[in-house]
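# Analysis of the macromolecular model
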Amino acid sequence: MSDAERLYHLDAARTADQRAYMEQLEAAGVCVFCPEHVAAHHREPIELSGEHWYVTKNDYPYAGTAAHYLIVPHRHVTSFEELPDAAGAELWAIKRRLREQLAPLATATVERSGDMRFNGGSVAHLHTHFVALAPGPEKTVRFKVSELGADEAPR
Ligand SMILES: [Zn+2]
């Protein structure tokens, strides 16, 4: 398997447990976000399912978030442009619905697209992070959206 075909980018794992789990799934050829695998391999339930996307909470919520959802396409794609414009419209509607549930919290979205070796992602299957932000977080919420720069790369 070439690096471009991998399901997981192990160096992007944020904990040892997460990395070990990703290694297991990669070896088994299981994409955790594909609909046929998500129920068995992702701990959080599907909270909403539309024509193009489903919504679940992140099994590994980022520190400092008040809530951390993942909006995931049913199709295994790695880039947003592989989906039709109608999926974009549905994504907007889902974001609006989540925002209404979470009000008055502020929200932010991050969607890495394309080659996960370069966009900071850990799972090849496209997903939009949707986080809610409360005042006075325990930690600043940070999303890495590149590979490690020379300032952080292990030597
Ligand atoms: Zn997938």
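Residue positions are counted from 1 within each chain, in the order its sequence is given. Note on the predicted model: pLDDT of at least 70 is required for a residue's local features to be given, and 80 or more for side-chain atom pairs to be given and counted; whole-chain, interface and lining totals, by contrast, use all residues.

This part is about helix 3 (residues 85–102). Under the 1.5 Å per step criterion, the end-to-end length of helix 3 is 26 Å for 18 residues, consistent within 8% with the ideal 26 Å. Taken residue by residue, helix 3 has A87, L91, I94 and L98 as its buried positions. Seen end-on, helix 3 carries its buried residues on one side only, within an arc spanning 65 degrees. Exposed and oriented more than 90 degrees from the buried face of helix 3 are D85, A86, A89, W92, A93, R96 and E100. The elements touched by buried residues of helix 3 are strand 1 (46–49), strand 2 (53–57), strand 3 (67–73) and strand 5 (128–133). In this text, helices come from DSSP runs of H or I with a minimum length of four residues, and strands from runs of E with a minimum of two, each type numbered from the N-terminal end. Multiplying one less than the number of residues by 1.5 Å gives the expected span of a helix. Exposure classes come from backbone-placed C-beta atoms, where a residue is buried if 20 or more other C-beta atoms lie within 10 Å of its own, exposed if 12 or fewer do, and partly exposed in between. Note that the arc is computed from the directions linking the helix axis to the C-beta atoms. Two residues qualify as being in contact provided that their C-beta atoms, derived from the backbone, are within 7 Å of each other.

Attention now goes to the sheet that holds strand 4 (residues 106–111). Backbone-to-backbone hydrogen bonds pair the strands of a sheet. The strands run either parallel or antiparallel. Here we have 5 strands laid out as an open sheet, ordered 1-2-3-5-4, and antiparallel in their pairing. Strand pairing shows two members of the sheet lacking a second neighbour, strand 1 and strand 4, which therefore form its edges. Each neighbouring strand pair of the sheet contributes to a mean axis angle of 20 degrees, computed without reference to strand direction. For two strands to be treated as a pair, DSSP must find at least two bridges joining them. Sheet topology note: the strand 4/strand 5 ladder contains 6 bridges and is antiparallel. Bridging from a neighbouring strand, A106 pairs with L133 of strand 5. Helix axes use the C-alpha atoms of the stretch in contact, all axes being lines fitted to C-alpha atoms, and the angles between their N-to-C directions lie in the range 0 to 180 degrees.

Now for the pairing of strand 1. Of the pairings in the sheet, the one linking strand 1 to strand 2 comprises 3 bridges and is antiparallel in character. The residue of strand 2 that forms the bridge with S49 is Y54.

Counted at 1.5 Å a residue, the expected span for helix 1 (residues 16–28) with its 13 residues is 18 Å, and the 19 Å between its end C-alpha atoms agrees. Just past helix 1, the residue G29 takes up positive phi, approximately 70 degrees.

Here a nonpolar core is just a set of buried residues of the types Ala, Val, Leu, Ile, Met, Phe, Trp, Tyr and Cys, joined wherever their C-beta atoms sit within 7 Å. In terms of nonpolar packing, the biggest core is built from 21 residues, with W53, Y69, I71, I94 and V123 touching the most fellow members. When near neighbours in sequence (up to four residues on either side) are disregarded, Y69 contacts V55, K57, N58, L98 and F130.

Here the focus is the environment of K144. With respect to the element layout, K144 can be found in the segment after strand 5. A residue is classified by how many C-beta atoms lie within 10 Å of it, and K144, with 16 of them, is partly exposed. It is 9.0 Å that separates the C-alpha atoms of K144 and A12, two residues lying 132 residues apart in sequence.

Let us look at the environment of V32. By secondary structure assignment, the location of V32 is in the loop between helix 1 and helix 2 (35–41). Given 20 C-beta atoms within a 10 Å radius, V32 is considered buried. Residues V32 and P104 lie 72 residues apart in sequence; the distance between their C-alpha atoms is 31 Å. Setting aside residues up to four positions removed in sequence, V32 forms contacts with L25, H37, V38, H41, H42 and V123.

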